[in-house]
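Residues per chain, in single letters:
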Amino acid sequence: MAMPIPSSSHLKYNHNYSGSLTPIKPKFPSKFCRPRNLKLTYRGSAASASASEPTLSSSSAPAAVKERGIWVTQSGHFSVADSQLNSSGFELHRTTDNLDLDQLNALFAKVGFVRREKEKLRRSLHNTPSVIWLEYKKSGKVVAFARATGDDVYNAVIWDVVVDPSFQRCGLGKAVMERLMSDLLEKGITNIALYAEPDVLGFYRPLGFIADPDGIKAMVYCKKKQK
């Protein structure tokens, strides 16, 4: 069952980029509605800070993004290089071709997400134009994942940003988010939103997301009996 999110605040991407990675620990306390979630939205203003990570180095963002002057970071460099990910034992994927859905469901469960019916999960991923995930080559397991749905032209909503608890606080969450944002911006998509628990706002704000841009509020359908 899908669980709608009531009383959400609207957050928008702002091109600011600083701070360290905050572990993602989503919680779903209600059968129908997830209270206290905030909607974050990408705002596209000038970046104004630098980023730091405890263990992994940086690399250039995709050339196409640079040439268009669209920056995910102030410097135009990812916080974690593709080569650094590879040398650290991770393989980067941008399609679902080799994605094990049982492993993905297991990862969802580790961070508190509900497990999804396998066929519905397969269909949802088939209808997802932008996907980024990391495989730990030693075990062959999915350890980080993020995806974005939308019309693939103007609008996108980011979902299911997860990192295996055993691999949190080493830059993997930021690595997948930077690349997902880069892919979306390269397509010309700048109206980008996501929902986040209050305790992980510190992870998304340095990536450029802000709440309630220009006073805009989010409204989300909530399956709840009316009094």
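All values derive from a computational prediction rather than experimental measurement. (Residues numbered from 1 in each chain as written. Predicted model: local features only at pLDDT ≥ 70, side-chain atom pairs only at ≥ 80, totals over all residues. Heavy atoms only, no water.)

Draft legend 1. Looking closely at the overall build of the protein chain. For the protein chain, the count of helices and strands is six helices and ten strands. Residues classed as buried in the protein chain amount to 48% of the 227 residues present. Counting contacts in the protein chain only where the partners sit at least 6 residues apart, residues at least 24 apart contribute 78% of the total. Here the protein chain displays about 11,200 Å² of accessible surface, and carbon together with sulfur accounts for 50% of that area. (Helix = DSSP H or I, 4+ residues; strand = E, 2+ residues; numbered from the N terminus. Buried < 20%, exposed > 50% of the residue type's maximum accessible area, 1.4 Å probe, protein only. Contact = heavy atoms within 4.5 Å. Areas by Shrake-Rupley, 256 points an atom, 1.4 Å probe, with all protein chains shown as cover.)

Draft legend 2. Here's a closer look at the environment of proline 165. Positionally, proline 165 belongs in the loop between strand E8 (155-163) and helix H5 (172-186). You can call proline 165 partly exposed: its relative accessible area is 43%. Sequence separation of proline 165 and valine 143 is 22 residues, and the distance between their C-alpha atoms is 8.6 Å. Those residues in contact with proline 165, other than ones at most four positions away along the chain, are Lys110 and Val111.

Draft legend 3. Region of interest: the pairing of strand E9 (residues 191-196). In terms of residue burial, E9 counts as a mostly covered element, since five of its six residues are buried. Where E8 lies against E9, four bridges are found, and the strand directions are parallel. Looking at E9, one finds that alanine 156 is bridged to isoleucine 192. On the question of chirality, the crossover connecting E8 to the parallel E9 by way of H5 is right-handed. (Pairing = 2+ DSSP bridges. Right-handed = clockwise from strand over helix to strand, strands pointing away.)

Just distances and angles here, no functional claims.
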